[in-house]
Amino acid sequence: MITISLCMIVKNEEPVLARCLDSVASMMDEIIIVDTGSTDRTKEIAAQYTSRIYDFTWCDDFAAARNAGLKLAEGEWFLYLDDDEWFEKPEQMLEFFKSGEYKKYKSARYVVRNYHNMQGTIYDDAVVARMVRLEPKTKFYGKIHEYIEPYQLPLKDFTDYVHHYGYVYQNEEDKKKHARRNIKPLQEMREAEPESWRWICQLSQEYFAIDEYEEVVKL
């Protein structure tokens, strides 16, 4: 029986993918890799952990890529993870599934430790909703900063965390480039769902990050 499925979307993650998969391999019954166009050894590395590697033509839509993997998942539970993250001893999560406690819950959360310098001395922790019991209607939404629904109670909270250095930039230009990449699809989501506070908040954060405060005020 497949209790928990992990699904990841990847592209050219040769330097970090093994570290990520090493941190969760002992917990996963199934690993699904959706590759959106790697030209390095990413798929070769992934093949050391799973045979379930699939190509996906990138369409500027993270939810679409996530859903491609979600449709293939056969587990009772589903977890998604970014390829530049890795767990620091997910002992609580391991026990959760090993003991059978997972049968009492419908969703779970863990912590992402977002670092702001390469030394790892400055960071903030965010609780993320990335684990659910799979249902026929389970689906990802959002072209960027995608989220999964339904997210139902009862909910289990873990203090297990992943390391994430994705917000550490080499220079101010890289920081602005990253924000600009996010702003375009967020604007599209804002237009598609004008009543949603989710996209207003996400857009505000991106504009704030690059000091465009007038845009924040407009939103």
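Structure: above.
Residues numbered from 1 in each chain as written. Predicted model: local features only at pLDDT ≥ 70, side-chain atom pairs only at ≥ 80, totals over all residues. Heavy atoms only, no water.

Things to note about the overall build of the protein
Formally: Where helices and strands are cited, they refer to DSSP runs of H or I of at least four residues and of E of at least two residues respectively, numbered from the N terminus. Atoms considered for the radius of gyration are the C-alpha atoms alone. The globule rule reads 2.2 Å times the number of residues to the power 0.38. The cut-offs for exposure are 20% and 50% of the maximum accessible area for each residue type, with area from a 1.4 Å probe on protein chains only; residues under the lower value are buried, those over the upper are exposed, and the others partly exposed. In what follows, a contact means two residues having at least one pair of non-hydrogen atoms within 4.5 Å. Note on areas: Shrake-Rupley, 1.4 Å probe, and residue coverage restricted to the protein chains presented here.
Across its full length, the protein holds 7 helices and 10 strands. By the compact-globule yardstick of 17 Å for 219 residues, the protein fits well, its C-alpha radius of gyration being 18 Å. Viewed in the frame of its principal axes, the protein has a C-alpha envelope of about 55 × 40 × 35 Å. Looking at the protein as a whole, 46% of its 219 residues qualify as buried. Contacts in the protein between residues far apart in sequence, at least 24 positions, make up 68% of those at least 6 positions apart. Carbon and sulfur atoms make up 49% of the accessible area of the protein, which totals about 11800 Å².

Quick word on helix α4 (residues 91-98)
Put simply, the rule is: It is the directions from the helix axis to the C-beta atoms that the arc portrays.
When we look at burial in α4, the residues that qualify are Met93, Phe96 and Phe97. Viewed along the axis of α4, the buried residues span an arc of 85°, placing them on a single side of the element. In α4, the exposed positions angled more than 90 degrees off the buried face are occupied by Glu91 and Lys98. The inward-facing, buried residues of α4 abut β1 (4-10), β4 (77-80), β5 (85-87), β6 (107-115), β7 (123-133) and β10 (155-164). Looking one or two residues beyond α4, the residue adopting positive phi is glycine 100, at roughly 90°.

Side note on empty space enclosed by the protein
Heads up, the rule is: Residues are said to line a cavity or pocket when one of their atoms sits within 4 Å of a point; the points come from a 1 Å grid over protein atoms alone, cavities being sets where a 1.4 Å probe fits but cannot get out and pockets being open sets with protein on both sides within 12 Å along at least five of seven lines. Grid points are joined across faces, edges and corners, and a volume is the space filled by probe spheres set on the points. Note on residue categories: nonpolar means Ala, Val, Leu, Ile, Met, Phe, Trp, Tyr, Cys or Pro, charged means Asp, Glu, Lys or Arg, and polar means any other residue, Gly included.
If you walk through the whole model with that rule in mind, you get 1 cavity of 30 Å³ or more. A volume near 40 Å³ is recorded for the largest cavity. In terms of lining residues, the largest cavity is bounded by Lys106, Val132, Arg133, Glu135, Thr138, Pro150, Tyr151 and Gln152. Its residues assigned to classes, the lining of the largest cavity shows 3 nonpolar, 2 polar and 3 charged.

Focus: the side chain of threonine 36
Looking at where threonine 36 falls in the secondary structure, it is placed in the loop between β2 (30-35) and α2 (42-46). Residues in contact with threonine 36, not counting those within four places in the same chain, are Val10, Lys11, Phe56 and Trp58.

Focus: the packing of aromatic side chains
For clarity, the threshold we go by: The rule is short: rings of Phe, Tyr and Trp, with Trp giving its six-membered ring, pair when the centres are within 6.5 Å, and they are stacked under 30 degrees, edge-to-face over 60, tilted in between.
Under the criterion given, the structure shown has 16 aromatic pairs. Each ring, one from tyrosine 80 and one from phenylalanine 140, has its centre 4.8 Å from the other, and the planes form 85°; the classification is edge-to-face. Residue tyrosine 80 is located in strand β4, and its partner phenylalanine 140 is located in strand β8 (residues 139-141); the two are separated by 60 residues in the primary sequence. Residue classification places phenylalanine 140 among the buried residues on the basis of a relative accessible area of 2%. Their ring planes at 55° and their centres at 5.0 Å tell us that phenylalanine 87 and tyrosine 110 sit as a pair that is tilted. Placement of the pair is phenylalanine 87 in strand β5 and tyrosine 110 in strand β6, with a sequence separation of 23 residues.

A few points about the sheet that holds β5
Formally: Should DSSP find at least two bridges between two strands, the strands are regarded as paired. Between N-to-C directions, angles span 0 to 180 degrees; the directions come from axes that are lines fitted to C-alpha atoms, helices contributing only their stretch in contact.
Reading across from one edge, β3-β2-β1-β4-β7-β6-β10-β5 is the order of the 8 strands in this open sheet, with mixed pairing throughout. Looking at the sheet topology across the chains shown, the edges are occupied by β3 (53-55) and β5. When the angles between neighbouring strand axes are averaged without regard to direction, this sheet yields 30°. Pairing between β5 and β10: 3 bridges, direction antiparallel. From the neighbouring strand, phenylalanine 87 faces β10, where its bridge partner is valine 162.

A closer look at the packing of helix α5 (residues 172-192) against helix α6 (residues 197-209)
Condition: Throughout this description, any angle smaller than 35 degrees is read as roughly parallel, any larger than 145 degrees as roughly antiparallel, any in the 65 to 115 degree range as roughly perpendicular, and the remainder as oblique. Less than a right angle of anticlockwise turn of the near helix away from the far helix marks a crossing as left-handed, whereas a clockwise turn marks it as right-handed.
At a minimum axis distance of 9 Å, the contact between α5 and α6 shows a crossing angle of 155°. Considering the angle they form, α5 stands roughly antiparallel to α6. Helix-helix and strand crossings are classified by hand; for α5 and α6 the assignment is left-handed. Between α5 and α6, the contacting residues are Lys175, Ala179, Arg180, Asn182, Ile183, Leu186, Gln187, Met189 and Arg190 on the first element and Trp199, Ile200, Gln202, Leu203, Glu206, Tyr207 and Ala209 on the second. Considering only residue class, the contact of α5 with α6 consists of 9 nonpolar, 3 polar and 4 charged.

Some thoughts on unusual backbone geometry
Residue proline 150 is bonded to the preceding glutamate 149 through a cis peptide linkage, with omega at -5°. Of note, proline 150 is situated in the loop between β9 (147-149) and β10. A cis amide bond, omega 0°, links leucine 153 with the succeeding residue proline 154. With respect to the secondary-structure elements, proline 154 resides in the loop between β9 and β10. Phi is positive for aspartate 60, which is not a glycine, with a value near 60°. Within the secondary structure layout, aspartate 60 lies in the loop between β3 and α3 (62-70). Look at aspartate 60 and you get exposed, because its relative accessible area is 55%. Unlike most non-glycine residues, aspartate 211 shows phi in positive territory, near 65°. On the secondary structure map, aspartate 211 appears in the loop between α6 and α7 (213-218). Classification of aspartate 211 as partly exposed rests on a relative accessible area of 45%.

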